[in-house]
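Letter by letter, the chains look like this.
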Amino acid sequence: YSNFIDDLRVYVRGGTGGMGYPNLGGEGGRGGDVWFVARERTTLKSIREKYPQKRFVAGSGANSSVKALKGEKGKDCEVHVPLGISILDENGKQIGELNAAGEKFLAARGGLGGSLATHFLPCKGQRRTVHLDLKLIADVGLVGFPNAGKSSLLSKISHAKPEIANYAFTTIQPELGKIMYADYKQISVADLPGLIEGAHANKGMGHKFLKHVERTKQLLFVVDVSGFQLSTKTQFRTAFETILLLTKELELYKEELVTKPALLAINKMDLPCAKDNLDELMTQLENPQDFLHLLEEEMIPANTLEFREMIPISTYTGEGIEELKTCLRKSIDEQAEQVNEEYRKKKLLLLQTSK
């Protein structure tokens with residue numbers, strides 16, 4: 001995770017205003033402003049490399065003079081930041097966010113130029129330290145414990161080439177891939193660092209993982225059909241228990257994550273006994289309430305997830321991969337249609353009330 005930066009602390013300062021001209025009542029120019037502008041193909045890492053001091057200062061306003069009684073405004077400073085940035089003040093309070101290319105946020109306002117109101121003395125610009133907090137924006141977020149096969153799945157369904165390691169903590173940094181369809185439709189899929197039990201309490205990569213899940217439209221749970229065990233010291237979990245634990249982690253971090261539309265990919269169907277394990281899992285998912293006693297009480301989620309689709313797959317043989325891509329497309333299209341319908345109803349309601 002060391003090469004991937006998702007949080008950057010920067011200092012911003014608006015420009016100082018220009019001096020006024022008392023004899024002729026001239027006004028100094030206003031100081032320049034510091035703006036954050038969302039741009040594609042920008043990373044927090046590139047900002048840190050380009051500006052190691054992490055200081056952004058706008059230009060000072062021009063002084064008032066006999067030639068120009070109204071001084072010119074100082075030069076604005078524009079900082080290009082990635083999409084999906086939350087801007088937080090020093091107390092951790094969110095003061096803005098940038099989600100689409102071209103969106104702007106005023107980070108520090110320039111000071112007023114000297115005028116009669118200020119005894120012709122200029123004012124200093126606003127200065128503060130802010131945190132740029134990145135949350136990936138993707139259509140689909142892959143959710144699963146380490147070694148469930150998320151990275152392998154991403155490389156199978158998209159053009160992404162994630163680093164796949166052969167130890168428990170597989171993905172080292174978030175990876176974004178795009179599924180391309182025959183009609184040129186694209187769906188972005190984010191594979192996020194492996195979740196572990198206790199992630200909501202920031203164990204492992206806890207919050208680094210969970211905050212990225214917030215910015216995905218839908219969730220794709222990826223579970224190993226034969227179950228999961230992080231290490232010899234931890235308990236073995238069946239596929240059903242794994243789904244409940246993943247749901248619980250999302251719920252404990254932020255309850256609304258569980259309300260996102262979700263699909264389930266049951267991976268490693270090429271393994272021996274996979275068919276029996278799948279039959280058992282399907283039985284358990286049909287009536288989850290009958291099997292909740294298998295888990296400790298504190299690990300049972302308040303709400304069990306209802307998956308839009310459940311697709312058995314094998315990233316090794318390619319079984320079910322095309323079906324999964326079709327299901328993802330259908331689910332994303334349905335959600336978009338739903339959003340459009342709600343927007344249309346809202347517009348209609350506004351028109352009716354205004355009349």
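The structure we're discussing is the one just above.
Residues numbered from 1 in each chain as written. Predicted model: local features only at pLDDT ≥ 70, side-chain atom pairs only at ≥ 80, totals over all residues. Heavy atoms only, no water.

S.K.: Whenever I open this one, the sheet that holds strand β13 (residues 262–267) confuses me. Can you help?
M.R.: The strand order across the open sheet formed by six strands is β10-β11-β9-β12-β13-β14, and the pairing between neighbours is mixed. Edge strands, defined here as strands with exactly one partner in the open sheet, are β10 (175–180) and β14 (310–312). Neighbour-to-neighbour, the strand axes of the sheet open up by a mean angle of 25 degrees, direction not taken into account. Alignment of strand β12 (residues 216–224) against β13, held across six bridges, turns out to be parallel. Its bridge partner being in β13, Phe221 is matched across the sheet by Leu264. Together, β9 (138–143), β10, β11 (186–191) and β12 form the strand contacts of helix α2 (residues 150–157), whose direction differs from that of β11 by roughly 160 degrees. The sheet strands contacting helix α5 (residues 274–286) are β13 and β14, and the helix crosses β13 at an angle near 155 degrees. (Pairing = 2+ DSSP bridges. Helix = DSSP H or I, 4+ residues; strand = E, 2+ residues; numbered from the N terminus. Axes fitted to C-alpha atoms, helices over the stretch in contact; angles between N-to-C directions. Contact = heavy atoms within 4.5 Å.)

S.K.: Even after reading the chapter, I still don't get helix α6 (residues 321–354), so can you show me in this structure?
M.R.: For an α-helix, the turn length of 3.6 residues means that residues three or four places apart are oriented alike. The end-to-end C-alpha distance of α6 is 50 Å, a good match for the 50 Å that 34 residues give at a rise of 1.5 Å each. Along α6, the positions that sit buried rather than exposed are Ile321, Leu324, Lys325, Cys327, Leu328, Arg329, Ser331, Ile332 and Gln335. (Expected span 1.5 Å × (residues − 1). Buried < 20%, exposed > 50% of the residue type's maximum accessible area, 1.4 Å probe, protein only.)

S.K.: I tried to follow unusual backbone geometry on my own but got confused; where do I start?
M.R.: What is expected of a backbone is that most residues other than glycine have negative phi and most peptide bonds are trans. Positive phi outside glycine occurs at His119, with the angle close to 55 degrees. Phi is positive for Phe120, close to 65 degrees, though the residue is something other than glycine. Among the structural elements, Phe120 can be located in the loop between β7 (104–108) and β8 (127–134).

S.K.: Please clarify how the layout of surface pockets should be interpreted in this entry.
M.R.: Empty space among the atoms becomes visible once a probe the size of a water molecule is rolled across them. Taken as a whole, the second largest pocket spans an internal volume of roughly 210 Å³. Forming the boundary of the second largest pocket are Ile137, Ala138, Glu214, Arg215, Thr216, Lys217, Lys260, Ile332, Gln335, Ala336 and Val339. Only β12 and α6 provide two or more residues apiece to the lining of the second largest pocket. The element best represented in the lining of the second largest pocket is α6, accounting for four residues. Taken together, the residues of the lining of the second largest pocket break down into five nonpolar, two polar and four charged. (1 Å grid on protein atoms, 1.4 Å probe; cavity = no way out; pocket = protein on both sides within 12 Å on 5 of 7 lines; lining within 4 Å. Points joined across faces, edges and corners; volume = space filled by probe spheres on them. Nonpolar A, V, L, I, M, F, W, Y, C, P; charged D, E, K, R; others polar.)

S.K.: How should empty space enclosed by the protein be read in this particular structure?
M.R.: Inspection of the entire model under this criterion finds two cavities of 30 Å³ or more. The volume enclosed by the second largest cavity comes to roughly 30 Å³. Taken together, Phe145, Pro146, Ala148, Val222, Val223, Asp224, Phe228 and Thr242 form the lining of the second largest cavity. Element by element, the count of residues in the lining of the second largest cavity is highest for β12, at three residues. Residue composition of the lining of the second largest cavity, grouped by class: six nonpolar, one polar and one charged.

S.K.: Sorry if this is basic, but what is going on with the pairing of strand β5 (residues 85–88) here?
M.R.: Both faces of the sheet carry side chains from a regular strand, because those side chains alternate between them. Judged by which residues are buried, β5 turns out to be covered on both faces: Ile85 and Ile87 on one side and Ser86 and Leu88 on the other are all buried. Where β5 lies against β8, four bridges are found, and the strand directions are antiparallel. Residue pairing in the sheet places Ile85 in a bridge with Leu134 of β8. Of the strand pairs in this sheet, β5 and strand β6 (residues 94–98) are connected by four bridges, and their pairing is antiparallel. The partner of Ile87 across the bridge, within β6, is Gly96. Between the end of β5 and the start of β6, which pair antiparallel, lie five residues, with Gly92 showing a positive phi angle near 85 degrees.

S.K.: Is there a simple way to explain the packing of aromatic side chains in this structure?
M.R.: A ring pair, where both rings are aromatic, is described by two values, the distance of the centres and the angle of the planes. Under the counting rule described, the total for this entry stands at four aromatic pairs. Ring centres of Tyr51 and Phe56 lie 4.9 Å apart, and the angle between their planes is 70 degrees; on these two criteria the pair is classed as edge-to-face. Arranged with centres 5.4 Å apart and planes meeting at 70 degrees, the rings of Phe221 and Phe307 form a pair that is edge-to-face. On the criterion of sequence distance, the pair formed by Phe221 in strand β12 and Phe307 in the loop between α5 and β14 is long-range, its members being 86 residues apart. The residues Phe221 and Phe307 share a single accessibility class, namely buried. Geometry around Tyr181 places Arg329 over its ring, the cationic atom sitting 5.2 Å from the centre. (Phe/Tyr/Trp six-rings, centres within 6.5 Å; stacked < 30°, edge-to-face > 60°. Lys NZ or Arg CZ within 6 Å of the ring centre and 35° of its normal.)

S.K.: Just checking my understanding: could you explain the pairing of β13 for this structure?
M.R.: Most of β13 sits out of view: six of its six residues are buried. Burial of the side chains of β13 extends over both faces: Ala262, Leu264 and Ile266 are buried on one face and Leu263, Ala265 and Asn267 on the other. As paired elements, β13 and β14 share three bridges and run parallel to each other. The residue bridging Leu264 from the neighbouring strand is Met310, located in β14. With α5 bridging β13 and the parallel β14, this β-α-β connection has right-handed handedness. (Right-handed = clockwise from strand over helix to strand, strands pointing away.)

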